[in-house]
There are 2 protein chains.
Amino acid sequence: MTDFDGRKRVVIGAVSPEIDAGDFAVKRVVGETLVVEADIFADGHDDISAALLFRADSETEWREAPMSPLGNDRWRGEFKVEQMGVHYYTLQGWVDHFLTWQKDLRKKYEAGTEVGQELLIGSDLIERAALNAAGEDAKKLTAFAQAIREEKERDVVRAFSIATSEELSAVMEKYPDRKSAGTYPRELPLVVDRKKALFSAWYEIFPRSCGLEQRGHGTFSECERLLPVIAHMGFDVIYFPPVHPIGSTNRKGKDNTATAGPEDPGSPWAIGSHEGGHKAIHPALGTMEDFERFVRLAGERNMEVSIDLAFQCSPDHPYVKEHPEWFRWRPDGTIQFAENPPKKYEDIVPFDFETEDWENLWQELKEVVLFWVEKGIRIFRVDNPHTKPFAFWQWLIREVKKAHPDVIFLSEAFTRPKVMYRLAKIGFTQSYTYFTWRNSKREIAGYLMELTDSEVREYFRPNFWPNTPDILHEYLQYGGRPAFLIRLILAATLSSNYGIYGPVYEQAVSEAFPGREEYSGSEKYEIKHWEWGKPESLRDFVTAVNRIRRENPALQTTNNLTFYEADNENVIFYGKMDADMTNIVLIVVNLDPFHKQACRIQVPLKTMGIEPGRPYLVHEVLSEDKYIWQEEWNSVELDPGFLPARIFRVRRRLRREQDFDYFM
Amino acid sequence: MTDFDGRKRVVIGAVSPEIDAGDFAVKRVVGETLVVEADIFADGHDDISAALLFRADSETEWREAPMSPLGNDRWRGEFKVEQMGVHYYTLQGWVDHFLTWQKDLRKKYEAGTEVGQELLIGSDLIERAALNAAGEDAKKLTAFAQAIREEKERDVVRAFSIATSEELSAVMEKYPDRKSAGTYPRELPLVVDRKKALFSAWYEIFPRSCGLEQRGHGTFSECERLLPVIAHMGFDVIYFPPVHPIGSTNRKGKDNTATAGPEDPGSPWAIGSHEGGHKAIHPALGTMEDFERFVRLAGERNMEVSIDLAFQCSPDHPYVKEHPEWFRWRPDGTIQFAENPPKKYEDIVPFDFETEDWENLWQELKEVVLFWVEKGIRIFRVDNPHTKPFAFWQWLIREVKKAHPDVIFLSEAFTRPKVMYRLAKIGFTQSYTYFTWRNSKREIAGYLMELTDSEVREYFRPNFWPNTPDILHEYLQYGGRPAFLIRLILAATLSSNYGIYGPVYEQAVSEAFPGREEYSGSEKYEIKHWEWGKPESLRDFVTAVNRIRRENPALQTTNNLTFYEADNENVIFYGKMDADMTNIVLIVVNLDPFHKQACRIQVPLKTMGIEPGRPYLVHEVLSEDKYIWQEEWNSVELDPGFLPARIFRVRRRLRREQDFDYFM
């Protein structure tokens, strides 16, 4: 394809999407469409044609879709992705001598110029195309060429009309002369994931806190009773922090104290003891069979289990003895603990990714992932990926997805923006975000524009978490129950992937260390016993929101987000629509958890194709209220104590009288 | 450099400048500095260091410049380019274990932690660096390591102070451990031209119109008398339209009429007759020796001659007989003329760049360029480059510049923006622009921002022409002498490269075909006899402007342009400063050629480092008026009938009393 031929006159550039010259892949899920644009042009005034070429990694032949000009030398084409895995796309353009000839013929003819020679030139072109055609088409083209030649002598008007006929154009379009087509020099990668990569609702839970007895260590068997509850709420991913044996050396006590009492269970992230490491189950949680049974039962309720990939060890991890070369040792012969001076994590030792033996380390960690894949796990929440080399993740994710393209990796990195984006570029399927720290209207809109209206949208799939075991933002600490409702609505409707640190969120737990974002009495260091059925819990609200997400395809993707005007700084108004506008959802949220706010919102009538003044129906799907609106600007009042948000489903067109019945 | 090593933890991206993933070169001239920025970071919290690597194409070893962090993982480095030709640059970053160790040591020490082990770790690092050092440095490092080891037992304060000393850091900086450095995957090209590529004043003249006799065909010998005149005006490039024999078949008459009278000289762009083609001189202009003599004499006055590369032929060109395969033939055996239907150019036949014999055609056209290079020509104005394949120009310019890096190619393309930019990307040194059609304040500022404040600045060097033989804008047609002054000032101060279609501009010739931009009685089709010494000519004004350009380094580059506030829509205010602000030029122009305009302008005191309220001196270099201003906002009044512009040279600092004397 790169053999140099000076007659290739068409050039292609400014391809979009293209991430860092194709160093990194664009992401889509099965069923989505990849729209590609590029500058495509040739020297001179000749007409050109262009095609978008694409193939799955396993295919050797390119498939193609036609491209259309948008003006100013910009072209667009698209194709629908139908299978998981790595794909490639590129572009091709060529001078279209037939189109050029038709265009010039028309101009000359209309200017009254003699076109006898032009008609002969055209017949030649058509005859040459006939040589590439077969069967009916070849016959047709030969006949067209002959007809033009003959009519040119008898009746130029007739010859011209044949030469410019749609019938001729339609056949010629099938046999373009592409021997001098210019091809874009790069084949750009596209990774296609399954739909859950784009649309998922996560519920984080510590299995050890699911015990039936008030003081006991929960087991997977005991967790089973929660499956119908979580399924009913509408989550489809249950995420467990590490389920492996926990070390005893330097085990942390309650609230991250340096010394643990004999009853303290330790942090699940201090992985590994004499009972095993990253491929073992903590005996107190049950057996591997119990774990597999839980995964299977979850699957029966259409939920998947995600486990944590925390690539670090307790000092008691078998690796430390078996592979001392994978760790860093200090001059006095002691092992180097994890630290970020002056902070120390004495219950954890990091791998030394600069070890001479890095290749075996990488292989072993890949084995860990494949071990759990074997056990039925297809979703991994990756702990602190930003403290391991980028090249490692890039390799690991590629290797795992080669055989298992359905595996999803969620990057848990709350770090510098460029590091977070890089992790997404090198392959993470979903990513934690700064959503947790974006609470004002301006912050939320600015951040969401960055995520959905820049190149970031092509490779970074946000997963919005209002809270995690590590972070309880002061907005939730002080905002009370309304704050929990507000942040849940925002997370679940701004981003199609979202999650909550489950029971804690449901019960609006908000006790933190003063001036910090750390839960006091954190579940990371102790076993909790949540009152699962508390009547004042958010469970019904969460259930409603998840149901609305499932019922509205527009909420099942993120990049279709648009913000609209709301004339109150405490109220944010945005919407999502699917491509054919059969599903339109408008959301208005009061960001002030303390006060009722009234506001006027500007409904995007023009976008929706509704004439101002014409009635349209809005169905508020949280309250089941229905309204008929008529104007562009409408008033809403949002009481945080009752319901701080509205989710309107809009009916774009009223075709028949009885459409009103549906609402009334 | 690309051998995979999983321990390379530093990644590099978002390099700027980088044109289309390095497919195209960034441009600079000798003496300029290339500033490069990039995102550079590693996993985790370790400190990193980075270097900018660069080399001339002929060099095999990289030279390097250190990079500094700008915050948010952005780094910057720079180097000065000192020789013409192709260069490459790339980037390297590495985890700096010594810096990381120092940083962590400081944190721990300040937190009161025991640092005995840390000091030992550091001595090891220093000893390892000593192995890479030699002579004094090796001795010093060994001594540092030993001192830390010893003092750690006696006096930790002292050990700490050695470990964090500037002396130690300075030596260690010379021996970084870069075995696991990450290198940017692309080597990015940079083309360095001579200074004239960036700073040039062009004077276009038809040599056939320089005859001494009132009706005769001018010769190169007769042109010689104009050399002192043009040199005095301050131009440094004399550009001749094609100087080759002109065909007689279908020769154009006056005003582009289809039939020429026996006296009509024809268009110089209809190149080639039985007297020769692209390597011949039109006999009426003189001999090759006359031409070479003119070029030599011009050189003695520090002017260069540019000729036109118009790759097209008259039907009488020797190529047509010798290489019929390079042209397109119609079914009736006649040659295909140039046309852009319904327009026809019957005196010109284009090359068929789709010919099977394209390689020989390319070679021959390269021979044409080298032929004139041999005759002393180093500047080519390329006619209609956008009607020949991009790949051809890319190859031709690269080939010619390989042996002659001082050759300058000016792209004469007034076509679609993407085509113009592409021509610059593939190698043209300077480019025609849309300046001719940008006349309002908004249009001018918008266009200049596009050229100087976007990626375009890195590869597209504008050359501003207020008029050409092809284009007389209606602004000049109707604006009278003031319009010519205004457009000249704008061209010459907005862009460091500019040119005028000389005698016609000097004499403010403004006769055009009604409703068109074409000169009536165009010099393209007839011999003119300009009254060279007309007293009302713009000659003195042009001379002053060119002198001011030469005296002010800030005007000798384009991308340093900034627009400032002027509170009148007819007045534009902008400035240029050199990097160290020793030369500051502020320009204010009345764009209305008919009316006097008063206006207040906001002088960028902050940028210039002048405190408001403090007096500063401005020297108006067109009128030689001098002012002491004191405020940010100042009033100017611009009378187009007298002088529609002011060029202020600002003295930034008054250090001594006598500085005032200079102005008073």
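What comes next concerns the included structure. A quick note: this is a predicted structure, and the numbers were derived from the prediction, not measured. (Residues numbered from 1 in each chain as written. Chains lettered and ligands numbered in written order. Predicted model: local features only at pLDDT ≥ 70, side-chain atom pairs only at ≥ 80, totals over all residues. Heavy atoms only, no water.)

As a further point, take the interface of chain B and chain A. Between chain B and chain A, the residue contacts involve 57 residues of the former and 58 residues of the latter. Buried area between chain B and chain A, summed over both chains or domains, comes out near 5300 Å², and the portion from carbon and sulfur atoms is 54%. Of all residues in chain B, Arg7(B), Glu354(B) and Lys418(B) bury the most surface against chain A, accounting for 13% of the area lost on that side. The interface formed by chain B and chain A holds 14 salt bridges in total. The residue Arg186(A) makes a salt bridge to Asp23(B) at a minimum N-O spacing of 3.1 Å. The tally of links between chain B and chain A comes to 22 residue pairs in polar contact (both at pLDDT 80 or more). (Contact = heavy atoms within 4.5 Å. Buried area = accessible area lost by both parts, 1.4 Å probe. Salt bridge = Lys/Arg side-chain N within 4 Å of Asp/Glu carboxyl O. Polar contact = N/O pair within 3.5 Å; in protein donor to acceptor, adjacent residues only side chain to side chain.)

This brings us to helix H10 (residues 358–374) of chain A. Residues and elements named next belong to chain A. Taking 1.5 Å per residue, 17 residues should reach 24 Å; H10 reaches 24 Å between its end C-alpha atoms and fits that length. Residues of H10 that are buried include every one of Trp358, Leu361, Trp362, Glu364, Leu365, Lys366, Val368, Val369, Trp372 and Val373, and no others. The elements touched by buried residues of H10 are helix H8 (288–300), strand E13 (304–309), helix H9 (318–322), strand E18 (379–383), helix H11 (390–403) and strand E19 (408–412). Count one or two residues on from H10 and you reach Gly376, which has phi positive near 100 degrees. (Helix = DSSP H or I, 4+ residues; strand = E, 2+ residues; numbered from the N terminus. Expected span 1.5 Å × (residues − 1). Buried < 20%, exposed > 50% of the residue type's maximum accessible area, 1.4 Å probe, protein only.)

Turning next to the relation of the copies chain B and chain A. The transform that puts chain B on chain A rotates by 180 degrees and translates by 0.0 Å along the axis, for an RMSD of 0.1 Å. Here the symmetry operator amounts to a two-fold rotation axis. Scanning chain B for the C-alpha nearest the rotation axis identifies Ala21(B), at a separation of 2.8 Å. (Least-squares fit on C-alpha atoms with pLDDT ≥ 70 in both.)

With that settled, the discussion passes to the packing of helix H2 (residues 116–132) of chain B against helix H3 (residues 135–154) of chain B. Residues and elements named next belong to chain B. The geometry of H2 relative to H3 is characterised by a closest axis approach of 8 Å and an angle of 165 degrees between their N-to-C directions. With respect to H3, the element H2 is oriented roughly antiparallel. The two elements H2 and H3 cross, and the hand of that crossing is left-handed. Between H2 and H3, the contacting residues are Gly116, Leu119, Leu120, Ser123, Asp124, Ile126, Glu127, Ala129 and Ala130 on the first element and Ala138, Leu141, Thr142, Phe144, Ala145, Ile148, Arg149 and Lys152 on the second. In the contact of H2 with H3, the residues fall into 10 nonpolar, 3 polar and 4 charged. (Axes fitted to C-alpha atoms, helices over the stretch in contact; angles between N-to-C directions. Parallel < 35°, antiparallel > 145°, perpendicular 65-115°, else oblique. Left-handed = near helix turned anticlockwise from the far one by under 90°. Nonpolar A, V, L, I, M, F, W, Y, C, P; charged D, E, K, R; others polar.)

Residues and elements named next belong to chain B. As for its placement among the helices and strands, Arg251 is situated in the loop between strand E12 (237–240) and helix H8 (288–300). Buried and unpaired, Arg251 has no salt bridge, with Glu275 as the nearest side chain of opposite charge at 6.8 Å. Within the structure, the side chain of Arg251 is placed 3.0 Å from the backbone oxygen of Gly247, a separation counted as a polar contact. Sequence-distant contacts of Arg251, defined by excluding residues within four places in its chain, comprise Ile246, Ala258, Thr259, Ala260, Asp264, Pro265, Gly266 and Asp347. (Lys, Arg positive; Asp, Glu negative; His and termini not counted.)

What follows is about the sheet that holds strand E23 (residues 571–577) of chain B. Residues and elements named next belong to chain B. Taking strand neighbours across the sheet as the criterion, the 6 strands line up as E22-E23-E24-E29-E26-E27 in an open arrangement whose pairing is antiparallel. Sheet topology places strand E22 (561–564) and strand E27 (625–629) at the edges, where each strand pairs with a single neighbour. If you compare each strand with its neighbour and ignore which way they point, the axes differ by 25 degrees on average. With 4 bridges connecting them, E22 and E23 associate as antiparallel partners. Each bridged residue has a counterpart across the sheet, and for Tyr564 the counterpart in E23 is Phe573. (Pairing = 2+ DSSP bridges.)

All names here are of chain A. Of the two faces of strand E2 (residues 26–29), both are covered, the one formed by Val26 and Arg28 as well as the one formed by Lys27 and Val29. Note that E2 and strand E10 (residues 188–193) share 4 bridges and pair parallel. Looking at the pairing, Lys27 lines up with Val191 of E10.

Moving on, we come to unusual backbone geometry. With an omega dihedral of 0 degrees, the bond running from Pro341(A) to Pro342(A) counts as a cis peptide bond. As for its position among the elements, Pro342(A) is in the loop between strand E15 (338–340) and strand E16 (343–345). With omega at 0 degrees, the peptide bond leading from Ser16(B) into Pro17(B) counts as cis. Counting through the fold element by element, Pro17(B) comes out in the loop between strand E1 (10–16) and strand E2 (26–29). One non-glycine residue, Asn250(A), lies in positive phi territory at about 55 degrees. Position of Asn250(A) relative to the elements: it lies in the loop between strand E12 (237–240) and H8.

Within the fold, Ala260(B) resides in the loop between E12 and H8. Separated by 272 residues in the primary sequence, Ala260(B) and Trp532(B) place their C-alpha atoms 28 Å from one another.

Okay, helix H3 (residues 135–154) of chain A next. Residues and elements named next belong to chain A. The terminal C-alpha atoms of H3 lie 29 Å apart, and with 20 residues this matches the ideal 28 Å at 1.5 Å per residue to within 8%. For H3, the set of buried residues is Asp137, Ala138, Leu141, Phe144, Ala145, Ile148, Glu151 and Lys152. Buried residues belonging to H3 abut helix H2 (116–132), helix H4 (156–163) and helix H5 (166–172).

So, on to the side chain of Glu506(A). Residue and element names in this part refer to chain A. Structurally, the position occupied by Glu506 is in helix H15 (residues 502–506). The class for Glu506 is buried, based on a relative accessible area of 1%. Engagement of the side chain of Glu506 in a polar contact is seen with the side chain of Arg539, the distance being 2.9 Å. Leave out the neighbours within four places in its chain, and Glu506 touches Tyr203, Met233, Ser537, Leu538 and Arg539.

Right, let's talk about the sheet that holds strand E19 (residues 408–412) of chain B for a bit. All names here are of chain B. Across the sheet, which stays open at both edges, the 7 strands sit in the order E20-E19-E18-E13-E12-E11-E21 with parallel pairing between neighbours. Two strands lie at the open edges of the sheet, namely strand E20 (430–431) and strand E21 (497–501), each paired on one side alone. Sheet analysis places E19 next to E20, joined by 2 bridges and oriented parallel. From the neighbouring strand, Ser411 faces E20, where its bridge partner is Ser431.

Moving on, we come to the pairing of strand E28 (residues 633–638) of chain B. Residue and element names in this part refer to chain B. A one-sided burial pattern is seen for E28, the buried positions being Asn634, Val636 and Leu638 and the unburied ones Trp633, Ser635 and Glu637. Two elements, strand E25 (residues 597–602) and E28, share 6 bridges in a ladder whose sense is antiparallel. Looking at E28, one finds that Gln602 is bridged to Trp633.

Turning our eyes to something else, we now look at the packing of helix H10 (residues 358–374) of chain B against helix H11 (residues 390–403) of chain B. Residue and element names in this part refer to chain B. The contact between H10 and H11 brings their axes to 10 Å, and the two run at 45 degrees. If you check the angle between H10 and H11, you find them oblique. Both H10 and H11 take part in a crossing whose hand is right-handed. In contact with Trp362, Gln363, Leu365, Lys366, Val369 and Leu370 of H10, H11 contributes Ala391, Phe392, Trp395, Leu396, Glu399 and Val400. Of the residues belonging to the contact of H10 with H11, the class tally is 9 nonpolar, 1 polar and 2 charged.

Moving on to the environment of His595(A). All names here are of chain A. Considering the arrangement of structural elements, one finds His595 in the loop between strand E24 (584–590) and strand E25 (597–602). Among the residues examined, His595 registers a relative accessible area of 47% and is labelled partly exposed. Residues His595 and Pro644, spaced 49 residues apart in sequence, show a C-alpha to C-alpha distance of 9.5 Å. Once residues within four sequence positions are removed from consideration, His595 is found in contact with Asn590, Leu638 and Pro640.

Bear in mind that shape data such as this cannot, by itself, settle questions of function.
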